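The lines below spell out each chain.
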Amino acid sequence: MPRALSGALSCSSSSSSAGKSVLHHGPDVRPRIPESHPSENEFDHVTKFNMSDFTISDSVSAGLGGRADELLFEATVTDPHSTLHNTKVVLRQLTSIQAQRRGKRAIEVLRKLADRRMMYLSYSMQVHGYISSKSDTGSFTLVHGYHGSFSLRHWLQLSDWLPTLEATLALDEESVRRVGDDTVGGPSVTRQLRLIRILMRDLLIGVNYLHSHGLAHTELRLENVHISPVDGHVKVGILGNAADFVQSDQSSGALKSHKERRKMMIAFDMRCVGFMMAKMVLRELMDPSTFSKFKMFLTRGNDPACLRELVFRILNKNSAFGNSGLQILDRNWGAGWNLLSLLLAADPSKRISCLEALKHPFLCGPKWRVEPSMNIIRWGLGSTAVRIIEEYIYRQPQRRRVAYFIELMEMLNPNPRPRNWLEMLPGRWRLLYSTGKQVGLTFRQPSTRVLINDVNLSISRASKMDPTLQFVSDIEFRVLDGKDWPHDKIGTAGKLQVNASFRLMAGRRLYLKEDKDSSYNLAKTSTTQDSVIRKFSDTKWRKALPFNELPASLPVAKLAAGDIEVTVKLDDPLSRNVATATKAIQEVRMQVPPEMFDLSRLVCGTYLDARLLVVRGVNGSALLFTRSFKEI
């Protein structure tokens, strides 16, 4: 190597270390890449440079990224005969055998993408050529495009990242129209959502371009993505670890194996895109300790549909980033959470593809007409009901609206058969809402100061062969001494637990209609059912429902209860005062729905998906639960 390059080793080595990724996306499921040893005549589609063709810069940016076996240099082409004369490039000196193999692989990939060169130039970091010295054994340097000194990770870590990135992309009316918007500016959350849509759509277009050419990137992360200020496009990093899934053997066995391999490789890329989206929206995940909790949640087998429940627990309430990320994901009926769950699905076969993601409502602006799928409609109903409940509103119009949403969810129940419930029902569920009783304190003055913490319903199954389910109702509360409310709200902890066994059977839920010849109006016996009948013709939901008129009955999972056991645990000194303990238990029963004390009152389950559960009591009231999990 020339003296100018070797003299900059200390600077470039530290930069390479600083740019090294600290992310780990769970277990490494990347497909193995076959080794290849191309000769130099196979690199005729790129330029072979000499070190004398460049002027090496004195400094190098850590934002260019790198590995321990790579040395990075910024340089300018000085050869007057080169088409890149006076163009700034990056020299990536590859020191180990494995690193050199990655560099040669990146040049091979360029040949495969040459048929649609404009797409390659728009969405991938361009490889101009290489430097190889026969005198220096093992010396191989990759010459690739320079698109600014920052990776996407470094952009997002800037304190003023939003206006700076908007200025870099030169956002105007035409650029925002690409994501279905029609204005520039607006509130900060709207601007962030617009920018994330632009970045995500560019990223998905680039990744889909690779997948359509039989390649998987396998190393998608924020450190490997750059934004070009010239054309405003996201540039996917060097394709040195790209893997082929093109199959030459057309035999039936090999073809089946090829299809499975292709699905796994694409699914791995989509999972990486999901992690990138999560960090773009929830910038708190840039912190390695917070992101490790995020990963642990997924590696433990939790369904990513429940990510919202996790994020509310692990994010700091006084975060410097505010709650803009949560607002972005909650918008448009929680469409952001839905897309994130599809990108991070535990089953690779259920992960969304690039083309499907580009049509997802979260990435389509308000001016684009997107026909939502039935799954999106179900998701939106559940998300909106949860948002209304979180506002803790006592007014009757909101309560009627939640009851109406629950009725619609029951009509769109994706798992009506008991065998589906046996598989999905086990787990820990947190009570969100009851149509029959307001959970917690109301405006009345309680005789004993009691605060309800969490009301959980834990469901377990002894074995897959045993259809019996064990229900455990846990009610955690605190009893506060005195007639006035203290500021600390610590009090004495208590717990009430109810155990019961259930058997699941197939059943039907009947909808009683009004008999015109009868003076007794059956329709008015249920306010929620009356609400659905009145609003059933609403054009907003008419297309969503799979039937033309209110059905006479719907399938449900019937719950047949067995023995009931109740236990109470109180901490000292409350456990020694029987009179106060009795009043505390009475107050707990006043604040919590009666179905959670007497589980035999639960008669059927009417809605179940990965994150929400609706069960009905004997009096017709509905209890809405969200799937919970243990602390991480």
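As annotated in an unreviewed UniProt entry, the protein chain carries the name Protein kinase domain-containing protein and comes from Kalanchoe fedtschenkoi. Note on the protein chain: under the UniProt heading Subcellular location (unreviewed entry), the record states "Plastid".

(A) Structural context of unusual backbone geometry. Positive phi, normally seen in glycine, also occurs at Asn86, with a value near 65 degrees. Residue placement: Asn86 occurs in the loop between strand S3 (70-77) and strand S4 (88-94). The class of Asn86 is exposed, set by a relative accessible area of 58%. Notably, Thr218 is not glycine yet its phi reads approximately 70 degrees, a positive angle. Mapped onto the fold, Thr218 is located in the loop between strand S7 (215-216) and strand S8 (225-227).

(B) Summary view of the packing of aromatic side chains. Counted under the stated rule, the structure contains 10 aromatic pairs. Aromatic side chains Tyr130 and Phe140 sit 5.6 Å apart centroid to centroid with 10 degrees between the ring planes, which places their arrangement in the stacked category. Here Phe140 lies in strand S6 (residues 139-145) and Tyr130 lies in strand S5 (residues 127-133), a separation of 10 residues in the sequence. When sorted by exposure, Tyr130 lands in the same class as Phe140, which is buried. Centre to centre, the rings of Phe291 and Phe294 are 6.0 Å apart; their planes meet at 15 degrees, and the pair counts as stacked.

(C) A look at the sheet that holds strand S14 (residues 492-510). One closed barrel accounts for eight strands, arranged S11-S12-S13-S14-S15-S16-S17-S18; its pairing is antiparallel. Here the strands of the sheet are splayed against their neighbours by 35 degrees on average, with no regard to which way each runs. Along the sheet, helix H14 (residues 374-390) contacts strand S11 (427-434), strand S16 (602-608), strand S17 (612-617) and strand S18 (622-628); its crossing angle with S11, the most-contacted strand, is approximately 65 degrees.

The rules we used
Residues numbered from 1 in each chain as written. Predicted model: local features only at pLDDT ≥ 70, side-chain atom pairs only at ≥ 80, totals over all residues. Heavy atoms only, no water. UniProt positions renumbered as here; feature names shortened; annotations may be inferred. Helix = DSSP H or I, 4+ residues; strand = E, 2+ residues; numbered from the N terminus. Buried < 20%, exposed > 50% of the residue type's maximum accessible area, 1.4 Å probe, protein only. Phe/Tyr/Trp six-rings, centres within 6.5 Å; stacked < 30°, edge-to-face > 60°. Pairing = 2+ DSSP bridges. Axes fitted to C-alpha atoms, helices over the stretch in contact; angles between N-to-C directions. Contact = heavy atoms within 4.5 Å.

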